[in-house]
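A look at the structure
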Amino acid sequence: AALEYAVRRDWTRLHLLSKNLNPRIGSSGTPACPGFGNAAMSRVVRAAAANPNYRSADSRQTLALLRGQLRLARGDFRGALTAFEQAAKANPTPDVALTTAAWLLNAKQPGLARRMLDFYATLPRPSQPWWTMSGLHRRWLEHIGWYQESFVKIRAAIREQEQK
């Protein structure tokens, strides 16, 4: 309850919340806090979504990714895909498309992984600032063909899993 209260009023970025929840999704809790499982994490994410300070595209994306991971952990695969599509819409980057497709593939959902990649392919590409560290990194990965190669590899993994 205290964490829900805090995230409803927090004015900082969501990075710490995301960094702390991501590794715990799917567990029943932590040794220090055994009751902090997926249900509690879902309440915290809902509380954060109600915070008016988290309206930026990056915040909406982070919250959608967390919602998707939580849905994936409880076996709601279509709900996870919907959340992942919302994350991609908030800020369409190849990183989000590849990561969410990999999560779906890891959950043995190759059809949904393919749908995620197909959905991403329909989104407009926003112009990314190149002068930021993430912008420079993304431009470099595009320049050396890393993203293109990664999309080819994950689509091959999807086909392979579909044939099993």
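The following paragraphs examine the structure supplied in this document. Just so it is clear, the model here is predicted, and its values are computed rather than measured. (Residues numbered from 1 in each chain as written. Predicted model: local features only at pLDDT ≥ 70, side-chain atom pairs only at ≥ 80, totals over all residues. Heavy atoms only, no water.)

1. What about the packing of aromatic side chains?
Here is the rule: Aromatic rings from Phe, Tyr and Trp, with only the six-membered ring used for Trp, were paired whenever their centres fell within 6.5 Å, and each pair was classed as stacked if the ring planes differed by under 30 degrees, edge-to-face if by over 60, and tilted otherwise. Each residue is assigned to one of three classes by its accessible area relative to the maximum for its type, calculated with a 1.4 Å probe on protein chains only: buried under 20%, partly exposed between the two thresholds, exposed over 50%. When the NZ atom of lysine or the CZ atom of arginine is within 6 Å of a ring's centre and also within 35 degrees of its normal, the charge is said to sit over that ring.
With the rule as written, the count across this model stands at three aromatic pairs. Aromatic pair Trp146 and Tyr147: ring centres 5.5 Å apart, planes at 75°, arrangement edge-to-face. The exposure class assigned to Trp146 is partly exposed, which follows from its relative accessible area of 40%. Residue Tyr147 is classed as buried on the basis of its relative accessible area of 5%. The ring of Tyr120 carries Arg125 above its face, with NZ or CZ at 4.0 Å from the centroid.

2. Quick word on the packing of helix H5 (residues 77–90) against helix H7 (residues 110–122)
In plain terms, the rule: Note on geometry: axes are lines fitted to C-alpha atoms, helical ones only across the stretch in contact, with angles between N-to-C directions running from 0 to 180 degrees. Working definition: helices are DSSP H or I runs of at least four residues, strands are E runs of at least two. Numbering for both runs from the N terminus. Every angle not falling under 35 degrees, over 145, or within 65 to 115 is termed oblique; those three ranges are roughly parallel, roughly antiparallel and roughly perpendicular. Handedness of a crossing is defined here by the sense of rotation of the near helix relative to the far one, left-handed for an anticlockwise turn of less than a right angle and right-handed for a clockwise turn. The contact definition used throughout considers only heavy atoms, calling two residues in contact when any of these lie within 4.5 Å.
Close contact between H5 and H7 brings their axes to 10 Å; oriented N to C, the two are set at 20°. Here H5 lies roughly parallel to H7, going by the angle between them. Handedness of the crossing formed by H5 with H7: right-handed. Here Phe77, Arg78, Leu81, Phe84, Glu85, Ala88 and Lys89 of H5 lie close against H7, whose contacting residues are Leu112, Arg115, Met116 and Phe119.

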